[in-house]
Amino acid sequence: MNFFNDLQNSNLVASFQKCCGLFPENVAGNEYLCNDKGSGAESNGRVQEQNKNDVKTLKESTDGDLRHRSESSQNENSHGNYRNGINGIVDKKSSPKYVVKNRFLYCLFRFAAALGQEVFYITFLPCTYWNFDPYVCRRLVGMWAIVMYIGQVSKDLLKWPRPFSPPVVKLETRVDAEYGMPSTHAMAATSISFTFLLCTMHRYKYPFELGLVAAVVLSALVSLSRLYTGMHTVLDVICGVLITALVMAPTYPFWDVFDQLQLTSPYTPVFAVVVPFLMSYYYPRLDHYSPTRGDTTTILGVWAGCTFGFWINFQLGETYVPTGAMPFHLPPVTLAALLLACARFLVGIVVLVVTRHVVKSLSLQALGAWFEVSTKNTEVRHRLEIEVPYKFVTYSSIGIVATVPVPMIYSFLGLL
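Residues numbered from 1 in each chain as written. Predicted model: local features only at pLDDT ≥ 70, side-chain atom pairs only at ≥ 80, totals over all residues. Heavy atoms only, no water.

Engineer: Where do I start with the overall build of the protein chain in this structure?
Structural biologist: From N to C terminus, the protein chain includes 15 helices and nine strands. Taking all 416 residues of the protein chain together, the buried fraction comes to 48%. The long-range share in the protein chain, meaning contacts at least 24 apart out of those at least 6 apart in sequence, stands at 78%. For the protein chain, the accessible area works out to roughly 19900 Å², and carbon and sulfur atoms hold 65% of it. (Helix = DSSP H or I, 4+ residues; strand = E, 2+ residues; numbered from the N terminus. Buried < 20%, exposed > 50% of the residue type's maximum accessible area, 1.4 Å probe, protein only. Contact = heavy atoms within 4.5 Å. Areas by Shrake-Rupley, 256 points an atom, 1.4 Å probe, with all protein chains shown as cover.)

Quick look at the structure:
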């Protein structure tokens, strides 16, 4: 029991941060501070002088170290949850300050942390479908959604706090309103990395050892980034990886069966819409607002939309699978291939951004009129009957558009 308590100790996280050159510091006088916008890196590459309003170029202190301040006040939860000690912030008013002595590790772990954010999901997963292999993408989306749902629900059922600050330096604030156990960043990175490996090792010709190393390195980087950013304890990260392994290992032999079922069953459209929506709507409730329900709805919405889209494409005979005999050769990386991939990506992302804006606006307007409330109010958008429907409709639409209309647009533009 003492061993598990040690793994959950905030001081262990603080020690890891110090080993990586990240230290807390009380900055006084005219030190130059860098505002962190939640999960991002330097805010637009600018810094602010504490006693002045003008914005200056990034500067270093006399000893060559960069001094920063994590922005917390703008991200405070309306219920004060992560500012009153429940999830690790002891001082509600303070803005944690820190000094970076190893800029390489700082950039590396901030980048690795971004690989577990929404921006990565909405770029990597569609790119896999548009530019690589829909067969692989179907498995990535399914396993990612299942693992993330288990992780999100576990957080709100266990209600274990995140590391406490102090002694930990917290580089992110948005997810501080969530509980900590398990680390869904670690779960997502592990599931995506090893699902990609398992789906391609017999389908494509490449050294398995190279793929295994890549999967391990990516998973380890994202997992360690959660310690570096001060968002999880060591136990959170370990449990996240183990839960993912326990989900993937017994289900792997049945992935092809599940895939064939979702493509051919006449009940797929009903299942894809009804089940994920009910899972979102009846998500475990807390006594305060937490972004976990909204994030879970987003994930399940994407899963629902993609599943529906995969089914539609199969019915239309548009499978977009690589041609030739298996195992396939990996496509050569040429300038023409890179330009084609970039063109597909830009066209697809533009279509998805427009879809998100239009569907989100229309769904909020419809819900506001139905319930006779103003959806411009943040508190209103956090209500169950507003948040779940508008996010589910928005992101399921994105999933459908990414898998059906976007490839049709590619065909029309000659990008296939």
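Engineer: Just to check I follow, could you spell out the layout of surface pockets for this structure?
Structural biologist: Rolled over the atoms, a probe sized like a water molecule indicates the empty space that remains. Taken as a whole, the second largest pocket encloses approximately 890 Å³ of empty space. Those elements that provide at least two residues to the lining of the second largest pocket are α4 (118-131), β9 (328-329), α12 (335-371) and α15 (405-413). Considered class by class, the residues forming the lining of the second largest pocket number 23 nonpolar, five polar and one charged. (1 Å grid on protein atoms, 1.4 Å probe; cavity = no way out; pocket = protein on both sides within 12 Å on 5 of 7 lines; lining within 4 Å. Points joined across faces, edges and corners; volume = space filled by probe spheres on them. Nonpolar A, V, L, I, M, F, W, Y, C, P; charged D, E, K, R; others polar.)

Engineer: Honestly, the packing of aromatic side chains in this entry has me stumped. Any pointers?
Structural biologist: Aromatic rings considered in pairs are described by the distance between their centres and by the relative angle of their planes. Under the defined criterion, the tally for this structure stands at 15 aromatic pairs. Here a set of aromatic residues connected by ring pairs shows up, and it is made of Phe124, Phe132, Phe196, Tyr204 and Phe328. Directly above the ring of tyrosine 135 sits arginine 139, whose terminal nitrogen or CZ lies 3.6 Å from the centroid. (Phe/Tyr/Trp six-rings, centres within 6.5 Å; stacked < 30°, edge-to-face > 60°. Lys NZ or Arg CZ within 6 Å of the ring centre and 35° of its normal.)

Engineer: Would you explain the environment of leucine 278 in this entry?
Structural biologist: Structurally, the position occupied by leucine 278 is in helix α10 (residues 268-281). Note on leucine 278: relative accessible area 41%, which makes it partly exposed. Each C-alpha atom, one on leucine 278 and one on threonine 297, is 9.8 Å from the other, the two residues being 19 residues apart in sequence.

Engineer: Whenever I open this one, the pattern of salt bridges confuses me. Can you help?
Structural biologist: As a working rule, side chains carrying opposite charge can pair if their charged atoms are close by. Here the structure, examined in full by the defined rule, presents seven salt bridges. What emerges from the salt-bridge pattern is a single network uniting Arg138, Arg139, Asp256 and Asp259. (Salt bridge = Lys/Arg side-chain N within 4 Å of Asp/Glu carboxyl O.)

Engineer: What's the story with the nonpolar core in this structure? I'm lost.
Structural biologist: Note on soluble globular proteins: their nonpolar side chains tend to be buried together. Judged by nonpolar contacts, the single largest core of 43 residues is most densely connected at Tyr121, Trp130 and Trp144. Of all elements in the fold, only α4, α5 (134-158), α6 (184-200), α8 (234-251), α9 (255-264), α11 (291-316), α14 (384-403) and α15 reach the threshold of two or more residues within this core. Element by element, the count of residues in this core is highest for α5, at twelve residues. Non-local contacts of tryptophan 144, meaning those with residues more than four positions away in its chain, are made with Tyr121, Leu125, Ala188, Ser191, Ile192, Ile299 and Val302. (Core = buried A, V, L, I, M, F, W, Y, C linked by side-chain atoms within 4.5 Å.)

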